[in-house]
Amino acid sequence: MKDKLIEIIKEAGVIFKDGYYSNKDVTFKAKKDLVTKYDVAVEKFLKEKFEKEFTDFNVIAEESDNTNKIFSNSIIVDPIDGTTNFVNKVPHTAISVGVYKDKKPYIGIVYNPILDEIYTAVVGEGAFCNEEKIEVSNESDLQKALLSTGFPYSSGTCEDDLNDVMKKMKNILPKCQDIRRLGSAALDLCYVAKGVYEGYYEMNLKAWDVSAGLIILQEAGGKVSNLDGDAYVLFESKYIVASNTKIHDELIKNLKQ
Ligand code: LIP
């Protein structure tokens, strides 16, 4: 299944790349939440191919009506994760596809067509970037850890969420090496998997933002949890905390202060 997924996702990457380099009309789903015709076109392409090829799975995708979809044997698709980057030609943006069997992680693929980087993982078989094995970093000192985060779209409308972002930033910034905000949750998780970042956290993400990245990270030796250190549950958990495993408890302790 993995090879067929990669073949289809790389084909979709051609539409993605054409869109990235062209001028785009932008529609606002919410105050800060953008969508372009390319999000819709990439998703339509992937959905049609997946539904035809993988008949035992339903497809749950960002720009689709998912009201009648039950999460079970599911392919969870974000056609363009990091749409704001895509619109502004920041090359940190990707197609994200997570496959779940009976709600359990099975295959994760994150493809950045602009940098031509494809991250893949099948549960039990390790994680790869362009076919080279990747692993989380060995750093265990939070003070030396490079972290990444994201800002929820709700920060433009919900003062509680905005205050929470600022409070966590204030707690954690002096305690770590530095913090990045590059704008694609899927790739942020892959960067922890590759040992670029030691950790990552964010609130209010959707299942399609993280469905693939969390499989890739866990296969690279990383850890994913909610803010209490318990299992991160797709479609339910408000916070995701991800790390190289070694700084996980310390990261959570500081985020919760
Ligand atoms: C986006 C993320 C980004 C995050 C935003 C949003 P989209 O996904 O990956 O990093 O901060 O809240 O969810 O909307 O571009 O697919």
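What you see is a predicted model, and the numbers here were worked out from it, not measured in a lab.

## Brief notes about the nonpolar core
Argument step 1. Val 110, Tyr 119, Val 210, Ile 216 and Leu 234 are the most contacted members of the largest nonpolar core, which has 38 residues in total.
Argument step 2. Of all the secondary structure elements, the ones that give two or more residues to this core are β5 (94-101), β7 (117-122), β8 (127-129), α5 (185-193), α6 (207-210), α7 (213-219) and β14 (239-243).
Argument step 3. Looking at this core, the element that brings in the most residues is α5, giving eight residues.
Argument step 4. Leaving out residues up to four positions away in the same chain, Val 210 has contacts with Ala 185, Leu 189, Leu 205, Tyr 232, Leu 234 and Ile 240.
Argument step 5. In this structure, Tyr 20, Ala 61, Phe 86 and Ile 95 belong to the second largest nonpolar core, which totals 28 residues.

## Looking at the site of the ligand
Argument step 1. Around the ligand lies a shell of 16 residues, among which Asp 81, Thr 83, Tyr 153, Ala 185 and Glu 202 are the nearest.
Argument step 2. One of the backbone N or O atoms of Ser 184 is found 3.3 Å from an oxygen atom in the ligand.
Argument step 3. At 2.5 Å from an oxygen atom of the ligand is found a side-chain nitrogen or oxygen belonging to Glu 202.
Argument step 4. When isolated, the ligand has an accessible area of 380 Å², and the protein chains bury 96% of it.

## Details of helix α1 (residues 2-20)
Argument step 1. The terminal C-alpha atoms of α1 lie 26 Å apart, and with 19 residues this matches the ideal 27 Å at 1.5 Å per residue to within 8%.
Argument step 2. For α1, the set of buried residues is Leu 5, Ile 6, Ile 8, Ile 9, Ala 12, Gly 13, Phe 16, Gly 19 and Tyr 20.
Argument step 3. Its buried side turned inward, α1 meets α2 (37-53), β4 (74-81), α3 (83-88), β5, β6 (104-112) and β7.

## A closer look at the pairing of strand β12 (residues 199-203)
Argument step 1. Most of β12 is tucked away: five of the five residues are buried.
Argument step 2. Residues Gly 199, Tyr 201 and Met 203 point to one face of β12 and Tyr 200 and Glu 202 to the other, with burial holding for every one of them.
Argument step 3. Summarising the sheet, strand β10 (residues 146-149) and β12 pair through three bridges and their orientation is parallel. Bridging from a neighbouring strand, Leu 147 pairs with Gly 199 of β12.
Argument step 4. Relative to β14, β12 runs antiparallel, the two sharing five bridges. Each bridged residue has a counterpart across the sheet, and for Gly 199 the counterpart in β14 is Ser 243.

Reading the values: the criteria
- Residues numbered from 1 in each chain as written.
- Predicted model: local features only at pLDDT ≥ 70, side-chain atom pairs only at ≥ 80, totals over all residues.
- Heavy atoms only, no water.
- Core = buried A, V, L, I, M, F, W, Y, C linked by side-chain atoms within 4.5 Å.
- Buried < 20%, exposed > 50% of the residue type's maximum accessible area, 1.4 Å probe, protein only.
- Helix = DSSP H or I, 4+ residues; strand = E, 2+ residues; numbered from the N terminus.
- Contact = heavy atoms within 4.5 Å.
- Near = heavy atom within 4 Å.
- Polar contact = N/O pair within 3.5 Å; in protein donor to acceptor, adjacent residues only side chain to side chain.
- Areas by Shrake-Rupley, 256 points an atom, 1.4 Å probe, with all protein chains shown as cover.
- Expected span 1.5 Å × (residues − 1).
- Pairing = 2+ DSSP bridges.

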